[in-house]
Amino acid sequence: MAGLVNNLLILLLVFQNICLGFRSPLAVFKRYKDTSRSLSSECLGSDRPVVSLGLSDFALDIRMPGVTPKQSDTYLCMSVPLPVDDEAYVVDFKPHASMDTVHHMLLFGCNEPSSTESYWDCDEGTCKDKSNILYAWARNAPPTRLPKDVGFRVGGETGGRFFVLQVHYGDISAFRDKHKDCSGVTLHLTHQKQPLIAGMYLMMSVNTVIPPGEKAVDADIACHYKRFPMHLFAYRVHTHRLGKVVSGYRVRNGQWTLIGRQSPQLPQAFYPVEHPVDVSYDDILAARCVFSGEGRATETHIGGTANDEMCNFYIMYYMEAKHAVSYMTCTQNANPEMFRNIPQEANIPIPVKSDMLKMTHGHHEETKDTDKTSLQQAKKEEEEILDQDFHIEEAVEWPGLDLQLGQVSGLALDPENNLVIFHRGDHVWDENSFDSKFVYQQRGLGPIEQNTILVLNPSNAKLLHSMGKSLFYLPHGLSIDKNGNYWVTDVALHQVFKLGADDKEPLLILGVALQPGSDKNHFCQPTDVAVDPITGGIYVSDGYCNSRIIQFSPNGLYMMQWGEESSSGKARPGQFHIPHSLALIPDFSQLCVADRENGRIQCFRLGSGEFVREIKHKSFGRELFAVSYVPGGLLFAVNGMPYPGEAEPVQGFVMNFSTGEIIDTFIPLRKSFEMPHDVVASEEKTVFIGDVHARAVWKFASTERMEHRSVKKAGIEVQEIKESETIVEARLKNNPESTDPLKEQEKQHLVQQASTGVSFVLITTLLIIPVVVLLAILVFIRWRKTTVYGGKGGGGLNLGNFFASHKGYSRKGFDRLSTEGSDQEKDEDDGTDSEEECSAPPPPPAPSSS
């Protein structure tokens, strides 16, 4: 009996193999091999692109055919046909890519690739027809993983017949040896029908407009779900440069459940949904993208070019096979009012550490050229800001210069952009303040009886809040963290304090009161503090009698220190002669130090203290007192008074952080700098400088801050120039003739010409309007005739036609986002894609399940 059973099993297996033979990987391999392209001998495994994994399973190797990219930010594509004619299912992916060479890979499924070459530049597009993303791999991001019993359906009557691989080579310094790259992915496919089918749901804004300079702009998308239940397991976000955070939710009975939330400036791979989310009939799917228009001079629209923006939230889901739909879209906001109740987290940008930004932008971190490539990339990112022709000039009507202050030692801006001043009241630092061992000698005076911390309205200098009475002896440095806490140093107490904005008592004290020292528990006249907005790490510059930077944990535990006193001769990297001021550069994960008596700026890596570079100019003179950084790439600094016989004046500096190049210099009109001690700047290029000897604070602004308003007169939109502040030309060192009366006459003449020009434009526009209206009527009649007598109706959303209406869009693919870290969606937004939502009769309403 046992023998009979065994014989029957063998016969059954043989019969099954015969039945599957026509679609077995081994049976189709020869046909596939005949049509496959020759690959480089350096591509290991590429000589066997199809490998049998059993009776019904096989592996398909999809690799770049030995390519050597010639320039950074190169996107290359290649295609591979599905080696079987009937239906199959992709159930797993195995990436073959090195973080040293590849920034990201995307795998698409479609029926017609954009090219028949062995590989091509993805600027030509990825697919000629509709394409779906099946897989994404990105540096420092988790690979796509499918749940058990879930597969993407390919081949057959409904699935795609080609796979297209897109590889983004970010920094090509790894290709100096001219080696050939064979990055790619191996697919595990099976003929066994999968009970659950994977698909893609794309939520996309199509009508968002981002005004220039706007700090926060929301793009909201929401659709009612009218299909059979689906289960969400991965998500992906996508914007261009202006995107800050993208969040997606399921809304059921008014309850918001998070699907995923991510910064679009991180590697844009698919991230797993942390907690399982199911979507049932009549649920709402909602997404929000938060943008910032800061740094832009014109409106930004949704579109496919580098100057446009995108707001995409991808959801990877699975459904029961009998109800499966492979692709769905949502491009509307069905219920704008509901977004009043969106969780607050959707409005908060996600901090991105600089090492992640480097990966996002394709930097090769393991080479000696790390800093060089990072700076080159940052320079590109700053072009929108730094290419503008602006000058820093004193805002002469600002009344803050007349405030009655003590010695002004520190300045900062709080989270509301209010100006915060740290001053010494009736105390002064002079030759009698300390003995030879740096012990404070005027303790008998007691602490300062005035409020030493003043919060002012930056526009009118009105006092909003004050504090700090009876706490300090000789204030020095001030900084404010992202939560609005004040961090201050006192050189007499040799201590660092953390203060809440409304607290009378310190939240944290570092150092021992009135005891100078150089160990882990003591400071010696500490000068400044900087707090990492991402990690909360505390950095203290210590100081006048120590030459070091000390790092503490967020709760004040000693972590590490670096630095030493300058030796005779030229100061070396990491040596200090009074590290006087700190500027934390979160965009680059760097800490920059104003090395005062060495007249330079030194920048170091956060966390490790590794020296990155020095910024030093002859115009700094011998002393550089303070430094401040503005996101977007601007560095502000102020130097000291020249030594006798030296000509370099005391002034403020504006620099390109990436290159260190001086963009502008500035000095005040009212009064004069005596010993400018601290500088702080806002993203709007408003600059404040505090002077310890003049006991004053100056406000400077950029001449670029001339707002162009659109106003309508007689139905015609014209440009009206409005000054945001009254600003007088300053005596810039690089523009000494700016106060020349002849220049003022030229300006008046230009204003008269501008008025005449506006009148001419107004009259011309009024004459042109009837012609434009007539042409529009003729075009409409022509279109109407075409539609009625043989024109074809279209169904669904055609992204190509939509984006083609945007100036600069190419149907061959999006323009290269050379300075952008986000993916180039050359396929999903290609002009030839239809991206229609498949129509199907809606199922009967199903009961909601949580």
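Residues numbered from 1 in each chain as written. Predicted model: local features only at pLDDT ≥ 70, side-chain atom pairs only at ≥ 80, totals over all residues. Heavy atoms only, no water.

## Comments concerning the overall build of the protein chain
Working step 1: The secondary structure content of the protein chain amounts to seven helices and 49 strands.
Working step 2: In the protein chain, buried positions account for 53% of the 850 residues.
Working step 3: Put simply, of all contacts in the protein chain between residues at least 6 apart along the chain, 67% involve residues at least 24 apart. (Helix = DSSP H or I, 4+ residues; strand = E, 2+ residues; numbered from the N terminus. Buried < 20%, exposed > 50% of the residue type's maximum accessible area, 1.4 Å probe, protein only. Contact = heavy atoms within 4.5 Å.)

## Considering the sheet that holds strand β28 (residues 486–490)
Working step 1: Spatial ordering of the open sheet is given by β27-β28-β29-β30, a layout of four strands whose pairing is antiparallel. Whereas interior strands pair on both sides, the edge strands pair on one side only; in this sheet they are β27 (475–480) and β30 (508–510). Averaged over all pairs of adjacent strands, the angle between their axes in this sheet comes to 15°, without regard to strand direction.
Working step 2: Relative to β30, strand β29 (residues 495–499) is paired through three bridges, and the arrangement is antiparallel. Across the sheet, Val496 pairs through a bridge with Leu510, a residue of β30. (Pairing = 2+ DSSP bridges. Axes fitted to C-alpha atoms, helices over the stretch in contact; angles between N-to-C directions.)

## Observations concerning the pairing of strand β34 (residues 558–562)
Successive side chains on a regular strand alternate, one facing one side of the sheet and the next facing the other.
Working step 1: In this structure, strand β33 (residues 548–552) lies alongside β34, joined through four bridges in antiparallel fashion. Residue pairing for β34: Phe552 is matched across the bridge by Tyr558.
Working step 2: Linking β33 back to β34 in an antiparallel pair, the connection comprises five residues, with Gly556 at a positive phi of about 95°.

## Some remarks on the side chain of Lys498
Working step 1: Topologically, Lys498 is positioned in strand β29.
Working step 2: Within the buried core, Lys498 has no salt-bridge partner, and the shortest N-O distance to an opposite charge, that of Asp481, equals 5.0 Å. (Lys, Arg positive; Asp, Glu negative; His and termini not counted. Salt bridge = Lys/Arg side-chain N within 4 Å of Asp/Glu carboxyl O.)

## Quick look at the nonpolar core
Working step 1: Ranked by internal contacts, the top residues of the largest apolar core, which has 56 residues, are Ile62, Phe93, Leu107, Phe163, Tyr169, Leu187 and Leu189.
Working step 2: In this structure Leu189 touches Ser56, Asp57, Phe58, Leu60, Leu82, Ala88, Tyr89, Val90, Val154 and Phe163, once residues within four positions along its chain are discounted.
Working step 3: If you look at the next biggest cluster of nonpolar residues, it comprises 33 residues, including Ala219, Ile259, Ala287 and Cys311. (Core = buried A, V, L, I, M, F, W, Y, C linked by side-chain atoms within 4.5 Å.)

## Observations concerning the packing of aromatic side chains
Given two aromatic rings, one states the distance between the centres and the angle between the planes to describe the pair.
Working step 1: Scanning the entire structure with this criterion turns up 27 aromatic pairs.
Working step 2: On the basis of an interplanar angle of 85° and a centroid distance of 5.3 Å, the ring pair of Phe472 and Phe497 is categorised as edge-to-face. On the criterion of sequence distance, the pair formed by Phe472 in the loop between β26 (463–467) and β27 and Phe497 in strand β29 is long-range, its members being 25 residues apart. Here Phe472 matches Phe497 in class, with each residue buried.
Working step 3: By the ring-pair criterion, three or more aromatic residues cluster together here, those being Trp429, Phe434, Tyr440, Tyr473 and Tyr544.
Working step 4: For Arg236, the ring lying beneath its charged end belongs to Tyr314, and the centroid distance is 5.1 Å.
Working step 5: Against the face of Tyr643 rests Arg622, its NZ or CZ located 4.3 Å from the ring centre. (Phe/Tyr/Trp six-rings, centres within 6.5 Å; stacked < 30°, edge-to-face > 60°. Lys NZ or Arg CZ within 6 Å of the ring centre and 35° of its normal.)

## What to know about the state of the cysteines
Working step 1: Scanning the entire structure with this criterion turns up six disulfides.
Working step 2: Through a disulfide, Cys524 is tied to Cys545; the S-S separation comes to 1.8 Å. Here the S-S torsion is close to -100°, and the disulfide linking Cys524 with Cys545 is therefore left-handed. With Cys524 in the loop between β30 and β31 (526–531) and Cys545 in the loop between β32 (538–542) and β33, this residue pair connects regions lying 21 residues apart in the sequence. (Disulfide = S-S within 2.5 Å.)

## What about the pattern of salt bridges?
When the charged atoms of two side chains with opposite charge come close together, those side chains can pair.
Working step 1: Inspection of the entire model under this criterion finds 18 salt bridges.
Working step 2: Arg250 is the partner of Asp278 in a salt bridge, and the nearest nitrogen-oxygen pair spans 3.7 Å. Separated by 28 residues along the polypeptide, Asp278 in strand β17 (residues 271–279) and Arg250 in strand β15 (residues 243–252) bring together distant segments of the chain.
Working step 3: Asp278 sits in the buried class, given a relative accessible area of 14%.
Working step 4: Between Arg252 and Asp283 there is a salt bridge, with its nearest N and O atoms 2.7 Å apart. Of the two residues, Arg252 sits in strand β15 while Asp283 sits in the loop between β17 and β18 (284–291), which places them 31 residues apart along the sequence.

## Remarks on the sheet that holds β33
Working step 1: A sheet is described by the order of its strands in space; here four strands give the open sequence β31-β32-β33-β34, paired in antiparallel fashion. The two strands at the open ends of the sheet, each matched to only one other strand, are β31 and β34. Looking at each pair of strands side by side, their axes are set apart by 20° on average, direction ignored.
Working step 2: Direction of pairing for β31 relative to β32: antiparallel, over a ladder of five bridges. The residue of β32 that forms the bridge with Pro526 is Asp542.

## A word on the environment of Leu242
Working step 1: Checked against the element boundaries, Leu242 lands in the loop between β14 (230–238) and β15.
Working step 2: Sequence separation of Leu242 and Glu294 is 52 residues, and the distance between their C-alpha atoms is 8.3 Å.
Working step 3: Discounting residues that sit within four places of it in the chain, Leu242 has contacts with Ile210, Val290, Phe291, Ser292, Arg296, Thr300 and Glu309.

## Thoughts on the confidence of the model for the protein chain
Close inspection of predicted coordinates is inappropriate for parts of the model with low pLDDT.
Working step 1: Chain-level statistics for the protein chain give a pLDDT mean of 78 and a share of 73% at 70 or above.
Working step 2: The model gives residues 705–759 a pLDDT under 50, and that stretch makes 74 contacts with residues more than four places away or in other chains. (pLDDT = per-residue confidence, 0-100.)

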